[in-house]
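# Understanding the architecture of this molecule
This is what each chain is made of:
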Amino acid sequence: MSRIFSGVQPTGNLHLGNYLGAIRNFVELQAEENSECIYCVVDLHAITVWQDPAALRANTREVAAAYLAAGIDPKRSIIFNQSAVSAHAELAWVFNCVARLGWLNRMTQFKEKAGKHRENASVGLYAYPNLMAADILAYKATHVPVGEDQKQHLELTRDIAQKFNNDFGVDFFPMTEPLIFGAATRVMSLRDGSKKMSKSDPSDYSRINLTDGPDEIARKVRKAKTDPHPLPETTEGLEGRPEARNLVGIFAALSGRDVADVLGEFGGQQFSAFKAALVDLAVEKLGPMGAEMKRLMADSAYVDDVLRDGAKRAAAIATPIMDEVKDIVGFLRP
Ligand code: AQP
């Protein structure tokens, strides 16, 4: 049996990249036989940068609503928020003492997020990958579906698992495999094809938010950066054209076609015609999900019930694993 774990941060502005790179794959994995899926709203991760408490509560419900609206079945899968299961924070502390500073110093996401203000970044932002390893290993998850940007953190999770096993002479934690699949593992900003689409980009025009309506989607796609040439007829023609590659990739991912097939239809045409088709497709695929998200966000009692039930089921898996960790490490459990 495979145990799948993944999470999304409740930091607002959930976007097309989060959907195509992660949430859509969560739904697909849930349909597999012999898999147990645990999908977390990682609120402990969110506070590694400042979050307004009221916004954090709303954004936590927004991610849960996105999971549900995308098709995750809360009976079949577990949906919960991270802070509701104490094993995450407890195991993260143990891993703070297993992981080496040199390992964390190599993490590119910290460098990108802390930027020039490294001295001012929270300790939590630096230790984030240890918490991520704890999220996964508190369930002994075998597989973690993520976008490409999380690959390095997954490698660190394996290093931590291995060092823990070696240090204590046990064969306890599994070597978790990343699952990076789908046609859009790295969706780029609509304003700059060299930057990934991101919640924290100050420009709302850089991303399509999952709650955007048809007018917003149309405006953003129309304004998306392109180059002056017509679309190429073959995939090789996308070399050196990051914005064209991104938009064609989004079209392919949303339509379930491959890039060559999309270029077979639109190659040689101007961006204006292609963008019009992309707007129709995005509105068709994302519109109903966005509307369902808004409906669920207005029904916070239901969303909270789902999270409460999920937290109980998640804790039932993680607590015995954490108890074993305590025994291995030598903590008394009087
Ligand atoms: N642009 C992207 N393309 C494909 N996948 C993406 N993911 C994020 N951006 C893209 C995947 O979405 C999942 C949840 O991400 P997260 O919320 O945990 O954090 P993140 O990767 O830091 O996401 P953002 O949107 O870029 O947020 P900020 O701006 O706060 O850094 C992950 O599986 C991620 O790979």
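Calculation notes
Residues numbered from 1 in each chain as written. Predicted model: local features only at pLDDT ≥ 70, side-chain atom pairs only at ≥ 80, totals over all residues. Heavy atoms only, no water. Helix = DSSP H or I, 4+ residues; strand = E, 2+ residues; numbered from the N terminus. Rg over C-alpha atoms; globule rule 2.2 N^0.38 Å. Buried < 20%, exposed > 50% of the residue type's maximum accessible area, 1.4 Å probe, protein only. Contact = heavy atoms within 4.5 Å. Areas by Shrake-Rupley, 256 points an atom, 1.4 Å probe, with all protein chains shown as cover. Polar contact = N/O pair within 3.5 Å; in protein donor to acceptor, adjacent residues only side chain to side chain. Near = heavy atom within 4 Å. 1 Å grid on protein atoms, 1.4 Å probe; cavity = no way out; pocket = protein on both sides within 12 Å on 5 of 7 lines; lining within 4 Å. Sits in = over half its atoms within 2 Å of the grid points. Nonpolar A, V, L, I, M, F, W, Y, C, P; charged D, E, K, R; others polar. Pairing = 2+ DSSP bridges. Right-handed = clockwise from strand over helix to strand, strands pointing away. Domains from an automatic or database assignment. Salt bridge = Lys/Arg side-chain N within 4 Å of Asp/Glu carboxyl O. Points joined across faces, edges and corners; volume = space filled by probe spheres on them.

Once that is clear, we can look at the overall build of the protein. A count of helices and strands for the protein gives 13 helices and 5 strands. The C-alpha atoms of the protein give a radius of gyration of 21 Å, which matches the 20 Å a tight globule of 334 residues would have. Taken along its principal axes, the extent of the C-alpha atoms in the protein is 70 × 45 × 40 Å. Buried positions account for 51% of the 334 residues belonging to the protein. The contacts in the protein between residues at least 6 apart in sequence include a share of 75% that link residues at least 24 apart. Of the roughly 15,300 Å² of accessible surface on the protein, a fraction of 51% belongs to carbon and sulfur atoms.

Now for the environment of Gln82. Mapped onto the elements, Gln82 comes out in the loop between strand S3 (78-81) and helix H4 (87-96). When the C-alpha positions of Gln82 and Tyr39 are compared, they lie 9.5 Å apart, and in sequence the two are 43 residues distant. Within the structure, Gln82 has its side chain in polar contact with the side chain of Asp135 (distance 2.8 Å).

What surrounds the ligand is a group of 21 residues, the closest being His15, Asp149, Ser198, Lys199 and Ser200. Side-chain polar atom of His15 to an oxygen atom of the ligand: 2.6 Å apart, as the coordinates give it. The separation between an oxygen atom of the ligand and a polar side-chain atom of Lys199 is 2.2 Å. Bound to the protein, the ligand loses 95% of the 640 Å² it would expose on its own. Applying the majority rule of atoms within 2 Å of the grid points places the ligand in the largest pocket. Taken together, the elements giving at least two residues each to the shell around the ligand come down to strand S1 (2-8) and helix H1 (16-30). Here the shell around the ligand gets 4 residues from one element, more than from any other, and that element is H1. Within the shell around the ligand, the residues separate by chemical class into 5 nonpolar, 11 polar and 5 charged.

Glancing now at the pairing of S1. Burial within S1 is extensive, with 6 of its 7 residues counted as buried. Direction of pairing for S1 relative to strand S2 (residues 35-41): parallel, over a ladder of 7 bridges. Following the sheet pairing, Ser6 is matched in S2 by Tyr39. Crossover connection from S1 via H1 to parallel S2: handedness right-handed.

Before going further, it helps to spend a moment on the side chain of Gln9. In this fold, Gln9 is placed in the loop between S1 and H1. Among the residues examined, Gln9 registers a relative accessible area of 13% and is labelled buried. Setting aside residues up to four positions removed in sequence, Gln9 forms contacts with Val42, His45, Ala46, Val63, Lys113, Tyr128 and Lys199.

In this section: the domain arrangement of the protein. The assigned domain composition of the protein is domain 1 (2-185 + 300-329) and domain 2 (204-295). For domain 1 and domain 2, the distance between their C-alpha centres works out to 30 Å. With 14 residues of domain 1 in contact, the opposing surface of domain 2 contributes 12 residues. On inspection of domain 1 and its partner domain 2, the count reaches 0 salt bridges. Along the contact surface separating domain 1 from domain 2 lie 3 residue pairs in polar contact (both at pLDDT 80 or more). Of all the secondary structure elements, the ones that give two or more residues to the side of domain 1 that touches domain 2 are H1 and helix H3 (53-70). Among the elements that make up the side of domain 1 that touches domain 2, the one with the highest residue count is H3 (5 residues). Among the residues making up the side of domain 1 that touches domain 2, the classes are represented as 10 nonpolar, 2 polar and 2 charged.

Attention now moves to empty space enclosed by the protein. Tallied over the full model, the rule gives 1 cavity of 30 Å³ or more. Approximately 50 Å³ is the volume found for the largest cavity. Contributions of two or more residues to the lining of the largest cavity are made by helix H6 (108-114) and helix H7 (123-137). Within the lining of the largest cavity, the residues separate by chemical class into 4 nonpolar, 2 polar and 1 charged.

Bringing the layout of surface pockets into the picture now. The calculated volume of the largest pocket comes to roughly 1,200 Å³. In this structure, the largest pocket is lined by 48 residues; those nearest its centre are Gln109, Lys113, Asp149, Gln150 and Lys196. Counting only elements with at least two residues in the lining of the largest pocket, the list comes to S1, H1, helix H2 (43-46), H6, H7 and strand S4 (143-145). The residue inventory of the lining of the largest pocket, partitioned by class, reads 19 nonpolar, 20 polar and 9 charged. By volume, the second largest pocket amounts to about 300 Å³. Forming the boundary of the second largest pocket are 17 residues, of which Asn96, Val123, Gly124, Ala127 and Tyr128 lie nearest the centre. Those elements that place two or more of their residues in the lining of the second largest pocket are H4, helix H5 (101-105) and H7. It is H7 that provides the largest number of residues to the lining of the second largest pocket, a total of 6 residues. Here the residues of the lining of the second largest pocket are counted per class, giving 11 nonpolar, 5 polar and 1 charged.

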